[in-house]
Amino acid sequence: MLHLVHPTPGAHADSPSHERAGIEAIRLAALEQYEILDTAPELAFDRITALAADLFNTPISILGFIGAEQVFFKSRHGLEATQASRGEDPAAPVMMPWLRAEFANGFHAGVPLHDPDGYELGTLCVIDRRSRQVDEQQMRRLRALGSVVTDLLAMRLAARRALAQAEIASSEVDHRAMNSLQFVASLLQLQSRASASLEVTQQLLAAANRVLSVARVHRTFSTQEAAGRVPIAAHLRRLCEELSTSVGSEIRLEGADEVDVPKEQVLPIGLIVNELATNARKHAGDPITITFRRLAEGEYELCVLDEGPGLPAGFDVAATGGLGLGMKVVNALVAQLQGRLTAHPNPVGRGSCFKVVFPVA
Ligand SMILES: Nc1ncnc2c1ncn2[C@@H]1O[C@H](COP(=O)(O)OP(=O)(O)OP(=O)(O)O)[C@@H](O)[C@H]1O
Ligand SMILES: [Mg+2]
């Protein structure tokens, strides 16, 4: 004989069907917030079903969440099945037909899991293939375990919401940083116009350009939906378009792998591209090509190529003492990425190729 202890959505059985459909839609929406349906098993929940089976001394225990058509088993102890079909009858407990079919002469005791608004999300139950009795103390313990599940769900939901809030706050900070840096760049550009010396004008414009390249990275961060990582190909594509306009050369992005790069690596990547592309424009000329790919060894490779006259004789990429500010900045950023910087002739036969290889963070 089946002992069915918990009440189910059958509580609304007397309501008209359109009302039931409305309640069910709200219930499903409430459940969806927890992002638990069709997810992988998790140790925390498996521990709870194992404990429930142990408390009742039953071979089977299930933690199920009630989806639109199926009851999804988030955790199942002593059972292969991963889900059960929901019963059609609104007056009957939700897993009744499945239980009848699977455990015709067995025993089943369960507690419903409600969200804070009272919507039934699922059930924690114990099952035996043979008939048996339960006492009130066991049921009290099963209810307590059910509360542990709903507490866990509530905590995870609160953590996810806090993270979403933090992401919004972080993108606001990036947005403000971008605005401030753009303002500083405009000031430097204005000041460059006021100078009578060509040398000073160029220095001020170079400084404005460097500040703008930091601003661009903050703009990318401020528009990222997922905190932590940035789709690098899209970021570099936009950077190349803007650099093309600002340096007045065609800067192409070729074959960039669609990989997500951690935020902390995106700033140095953007600034390195800015320096090397500016150098290519200044010391070589069009066309300038950027490539970015993920190497098999768990490393990224960033290249800036030009087809100019090539590097001066005796050029040493790491000898920052004898070079200008640009290569000093690039070397410092490469060190920040824990990478290696090399300079070679461009494989096309003309010009140079600056290559940065650095580990995936
Ligand atoms: N793409 C390139 N092609 C040829 N020579 C280059 C290239 N990039 C850099 N160099 C050489 O390396 C030198 C050092 O570059 P670096 O960026 O440090 O200084 P800069 O560009 O001269 O000045 P700054 O960057 O401080 O405005 C350059 O002066 C140039 O001689
Ligand atoms: Mg330079």
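Q: It is not clear to me how the domain arrangement of the protein should be interpreted in this structure. Could you clarify?
A: A common way to express how large an interface is: the accessible area buried when the components associate. Looking at the assigned domains, one finds that the protein contains domain 1 (9-134) and domain 2 (229-361). Centre-to-centre separation of domain 1 and domain 2, based on C-alpha positions: 56 Å.

Q: Would you take a moment to explain the nonpolar core for this structure?
A: As a rule of thumb, nonpolar side chains are buried together in soluble globular proteins. Counting 38 residues, the largest nonpolar core has Ile269, Ile272 and Phe292 as its most contacted members. Contributions of two or more residues to this core are made by helix H5 (198-222), helix H6 (232-247), helix H7 (263-283), strand S9 (288-295), strand S10 (299-306), helix H8 (325-336) and strand S12 (352-359). Among the elements that make up this core, the one with the highest residue count is H7 (eight residues). Counting 22 residues, the second-largest nonpolar core is a separate cluster that includes Tyr34, Phe56, Val111 and Leu145.

Q: I would appreciate a short explanation of the site of ligand 1 in the present structure.
A: Taken together, 17 residues lie around ligand 1, and Asn279, His283, Asp306, Leu325 and Met327 are the ones closest in. Here an oxygen atom of ligand 1 sits 2.8 Å away from a polar atom, N or O, in the side chain of His283. Expressed as a share of its isolated accessible area of 600 Å², the protein-covered part of ligand 1 is 81%. Here ligand 1 is seated within the largest pocket. Among the secondary structure elements, those contributing two or more residues to the shell around ligand 1 are H7, H8 and S12. Among the elements that take part in the shell around ligand 1, H7 stands out by supplying four residues, more than any other. Taken together, the residues of the shell around ligand 1 break down into eight nonpolar, six polar and three charged.

Q: Sorry if this is basic, but what is going on with the pairing of strand S1 (residues 60-66) here?
A: Two faces, one strand: in a regular strand the side chains alternate between the faces of the sheet. Among the seven residues in S1, seven count as buried, and that is most of the element. Residues Ile60, Ile62, Gly64 and Ile66 line one face of S1 and the alternating positions Ser61, Leu63 and Phe65 line the opposite face, and both faces are buried. Sheet topology note: the S1/strand S5 (residues 120-128) ladder contains six bridges and is antiparallel. Opposite Ile62, over in S5, you have Cys125 as the bridge partner.

Q: Before we go on, may I ask you to explain the environment of Ile127 in this structure?
A: Relative to the helices and strands, Ile127 resides in strand S5. When its relative accessible area of 0% is taken as the criterion, Ile127 is described as buried. If we ignore the near neighbours within four places in the chain, the residues touching Ile127 are Thr58, Pro59, Ile60, Ile62, Trp98, Leu99, Phe103, Phe107 and His108.

Q: Would you mind going over the environment of Gln224 with me for this structure?
A: With respect to the helices and strands, Gln224 occurs in the loop between H5 and strand S6 (229-231). Accessibility expressed as a relative area gives 21% for Gln224, which makes it partly exposed. Between the C-alpha atoms of Gln224 and Ile168, which are 56 residues apart in sequence, the distance is 9.7 Å. Ignoring sequence-local partners within four residues, the contact set of Gln224 consists of Arg229, Val230 and Pro231.

Q: Whenever I open this one, the pairing of strand S2 (residues 70-77) confuses me. Can you help?
A: Judged from the six bridges that link them, S1 and S2 form a sheet pairing that is antiparallel. Paired with Phe65 across the bridge in S2 is Phe72. What sits between S1 and S2 in their antiparallel hairpin is a turn of three residues. Pairing of S2 with strand S3 (residues 83-85), which is carried by three bridges, proceeds in the antiparallel orientation. In the sheet register, Val71 faces S3, and the bridge partner there is Ala84. Between the antiparallel neighbours S2 and S3 lie five residues, among them Gly78 with a positive phi of about 75 degrees.

Scoring rules and cut-offs
Sequence order as written defines the numbering, with residues in each chain counted from 1. The order in which chains are written sets their letters, starting at A; the order in which ligands are written sets their numbers, starting at 1. Note on the predicted model: pLDDT of at least 70 is required for a residue's local features to be given, and 80 or more for side-chain atom pairs to be given and counted; whole-chain, interface and lining totals, by contrast, use all residues. Excluding hydrogens and water, the side-chain figures rest on all heavy atoms present in the structure. An automatic or database domain assignment supplies the residue ranges for each domain. The nonpolar core is taken to be a set of buried Ala, Val, Leu, Ile, Met, Phe, Trp, Tyr and Cys residues, with the residues joined through side-chain atoms within 4.5 Å. The classification of residues rests on relative accessible area computed with a 1.4 Å probe and restricted to protein chains. Under 20% of the type maximum is buried, over 50% is exposed, and intermediate values are partly exposed. We count a stretch as a helix when DSSP gives it H or I for four or more residues in a row; a strand needs E for two or more, and each element gets its number in order from the N terminus. We call a residue near a molecule or strand when any one of its heavy atoms sits within 4 Å of it. Each polar contact in these results corresponds to two N or O atoms within 3.5 Å; when the atoms are within protein, one needs to be able to donate a hydrogen and the other to accept it, and residues that are neighboring in sequence are counted only if both atoms are side-chain atoms. Per-residue and other accessible areas were derived by the Shrake-Rupley procedure at a 1.4 Å probe size, with only the shown protein chains allowed to occlude residues. Points on a 1 Å grid over protein atoms alone make up a cavity when a 1.4 Å probe fits among them but cannot get out, and a pocket when they form an open set with protein on both sides within 12 Å along at least five of seven lines; lining residues each have an atom within 4 Å of a point. More than half of a molecule's atoms within 2 Å of the grid points is what it takes for that molecule to sit in a cavity or pocket. Classification used: nonpolar for Ala, Val, Leu, Ile, Met, Phe, Trp, Tyr, Cys and Pro, charged for Asp, Glu, Lys and Arg, polar for all others including Gly. Whether two strands pair depends on DSSP finding at least two bridges between them. What makes two residues a contact is simply this: any of their non-hydrogen atoms within 4.5 Å.

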